[in-house]
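Close look at the chain arrangement
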Amino acid sequence: MKTRRGACYSCHAAAAAAANGDAPEAHHRRKRRRTAAAEGSPAATAGVPAGCALGDMFEELPDDLVVSILRDVAASAGSPADLAGAMLTCKRFRALGQSKVVLARASPRCLAVRAKSWSDDAHRFLQRCADAGNLEACYLLGMIRFYCLGSRGSGAALMAAAAVGGHREALYSLAVIQFNGSGGGKDDRDLRAGAALCARAASLGHVDALRELGHCLQDGYGVRRSVADGRRLLVQANARELAAAVASGAATGGGKAAAASRRHACLLSDFGCRAAAGEAHAANRFLVDWFASRPLVQASAAAAAAANSAGTAAGSAEEDGALRLCSQALCGRPETRRHEFRRCSVCGVVNYCSRACQALHWKMSHKAECTPMDRWLDAGAAVANAAAAAAGGPAP
């Protein structure tokens, strides 16, 4: 029985202690010990390592277990914020999260840094991931350095490291660089090396590389000409494109969405049919956003300075000869010298870094917009004549 203050009568306390087989003094001592533990007294913290607060069980976890958990978080992260949030738990997690075992397993979405969020910290994070052997980080940082930061040598070296590891996007990007002679002069183009890199990327399942190789075989560009083999590779590229479009439609859900995806994805999209464009790589999205917020004239000046130091003809570029971006909206690659990309042979308005971008842009939008150059000239002459007639002067 208790009073209002919670104190027990001595008789009832003695009876309870006797029933438990304890002495009354031991019973009171045990109650005081539990109270001291609840208040965090030195008696409660006995046996706990120094510097660890009571109840902080993270400090008692082995390092191997924490690293294993952070590695799985990095591998399944949907954005860079997922891994950053786990590393901000405590100082120990932050230190272990920067280990090479964790950074080497970072997923592509975990490394997908945006251009508007680019900073020195983001640069260092990608560099640490690349040093840990992450192929995706090597490719992404290599593309950023090569095209955005003007560091051609280190960017190409990082992409080469990813390509040696079997990264198909890096193989295809190096093929585009070899075809165009990017970062150097026109004489630096190596068509055979570009075709070999395309073949390697195509063997790993890269659709654009397979399409590029098909056009190279049809035109005899860097390889021995074979129209039949080129056409066969183009059909294979479109078959893979169809399978990817159907799979994406099934992943988003059946019904009308999947039916619309099947209607837009045609087997012969390289031969005039329309097909839905796939999702761009994180490196291409970074290039698109980077040059959308920064004028390409700055990159043109950097390229001209690099060309002057290399002794190429691009150093004598005129002021009105600004560098151009690839007209394929999801590519984002810029020219590294004037007239590097090929123009449309019909209208001469759009330009492309590769045949794959040209084929994709043609079937998506340019087919309905392309107008022969002579029509542009005739229309311009007609407008000039009409303006001269209205002004009462002689026709130009």
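To start, this report covers the structure provided alongside it. The shown structure was predicted, so the numbers you read here are calculated from the model rather than taken from an experiment. (Residues numbered from 1 in each chain as written. Predicted model: local features only at pLDDT ≥ 70, side-chain atom pairs only at ≥ 80, totals over all residues. Heavy atoms only, no water.)

A look at the packing of helix α8 (residues 135-148) against helix α15 (residues 282-293)
The axes of two packed helices give the description: the angle between them and the distance between them. Their axes nearest at 9 Å, the elements α8 and α15 cross at an angle of 30 degrees. One element, α8, and the other, α15, form an angle in the roughly parallel class. Relative to α15, α8 is oriented so that their crossing is right-handed. Across from Tyr 139, Leu 140, Met 143, Ile 144, Tyr 147 and Cys 148 in α8, the residues of α15 making contact are Ala 282, Ala 283, Phe 286, Leu 287, Trp 290 and Phe 291. (Axes fitted to C-alpha atoms, helices over the stretch in contact; angles between N-to-C directions. Helix = DSSP H or I, 4+ residues; strand = E, 2+ residues; numbered from the N terminus. Parallel < 35°, antiparallel > 145°, perpendicular 65-115°, else oblique. Left-handed = near helix turned anticlockwise from the far one by under 90°. Contact = heavy atoms within 4.5 Å.)

As for the packing of aromatic side chains
The full count for this structure, using the stated rule, is 4 aromatic pairs. Ring geometry for Trp 118 and Phe 286: centres 5.6 Å apart, planes at 75 degrees, overall edge-to-face. Separated by 168 residues along the polypeptide, Trp 118 in the loop between α6 (100-103) and α7 (120-131) and Phe 286 in helix α15 bring together distant segments of the chain. Accessibility classification places Trp 118 together with Phe 286 in one group, the buried group. With a centroid separation of 5.6 Å and an interplanar angle of 40 degrees, the aromatic rings of Phe 179 and Tyr 221 are classed as tilted. Of this pair, Phe 179 sits in helix α10 (residues 168-180) while Tyr 221 sits in the loop between α12 (207-219) and α13 (227-252), placing them 42 residues apart in sequence. Both residues of the pair, Phe 179 and Tyr 221, count as buried. (Phe/Tyr/Trp six-rings, centres within 6.5 Å; stacked < 30°, edge-to-face > 60°. Buried < 20%, exposed > 50% of the residue type's maximum accessible area, 1.4 Å probe, protein only.)

Some remarks on the nonpolar core
A general tendency of soluble globular proteins is for nonpolar side chains to be buried together. If you look at the biggest cluster of nonpolar residues, it comprises 74 residues, and the most contacted ones within it are Leu 111, Trp 118 and Leu 126. Ranked by residue count, the leading element in this core is α8, at 10 residues. Once residues lying within four places of it in the same chain are set aside, the contact partners of Trp 118 are Val 113, His 123, Leu 126, Leu 141, Ile 144, Leu 149, Phe 286 and Trp 290. (Core = buried A, V, L, I, M, F, W, Y, C linked by side-chain atoms within 4.5 Å.)

Points about the packing of helix α9 (residues 152-164) against α10
Packing of α9 against α10 leaves a shortest axis separation of 8 Å and a crossing angle of 135 degrees. When the interaxial angle is binned, α9 and α10 end up oblique. Relative to α10, the crossing made by α9 is left-handed. When α9 is examined against α10, the residues Ala 156, Met 159, Ala 160, Ala 162 and Ala 163 are found in contact with a partner set consisting of Ala 170, Leu 171, Ser 173, Leu 174 and Ile 177. For the contact of α9 with α10, the class distribution of residues is 9 nonpolar, 1 polar and no charged. (Nonpolar A, V, L, I, M, F, W, Y, C, P; charged D, E, K, R; others polar.)

A closer look at the pattern of salt bridges
All told, the structure shown has 9 salt bridges when counted by the stated rule. The partner of Arg 92 in a salt bridge is Asp 63, and the shortest N-O contact between them spans 2.6 Å. Residue Arg 92 is located in helix α5 (residues 91-97), and its partner Asp 63 is located in helix α3 (residues 63-76); the two are separated by 29 residues in the primary sequence. Residue Arg 92 is classed as buried on the basis of its relative accessible area, which comes to 17%. (Salt bridge = Lys/Arg side-chain N within 4 Å of Asp/Glu carboxyl O.)

Observations regarding helix α11 (residues 191-203)
Its 13 residues place the ends of α11 18 Å apart at the C-alpha level, agreeing with the 18 Å of an ideal helix rising 1.5 Å per residue. For α11, every residue scored as buried is listed here: Gly 194, Ala 195, Cys 198, Ala 201 and Ala 202. The arc that holds every buried residue of α11, seen down its axis, measures 125 degrees, which confines them to one face. Turned more than 90 degrees away from the buried face of α11 sit Arg 192 and Ser 203, all of them exposed. Once α11 finishes, Gly 205 follows within two positions and takes phi at roughly 100 degrees, a positive value. (Expected span 1.5 Å × (residues − 1). Arc of directions from axis to C-beta.)

Quick look at α8
Between its first and last C-alpha atoms α8 spans 19 Å; for 14 residues at 1.5 Å apiece the expected length is 20 Å, and the two agree. Among the 14 residues that make up α8, 13 are buried, leaving the element largely enclosed by the rest of the structure.

Side note on the environment of Asn 180
Residue placement: Asn 180 occurs in helix α10. Classification of Asn 180 as buried rests on a relative accessible area of 3%. In this structure the C-alpha to C-alpha distance between Asn 180 and Arg 337, which are 157 residues apart in sequence, comes to 9.9 Å. Dropping the residues within four chain positions of it, Asn 180 is found in contact with Arg 189, Arg 337, Glu 340, Phe 341 and Cys 353. Within the local environment of Asn 180, its side chain forms a polar contact with the backbone oxygen of Cys 353, the two atoms lying 3.0 Å apart. (Polar contact = N/O pair within 3.5 Å; in protein donor to acceptor, adjacent residues only side chain to side chain.)

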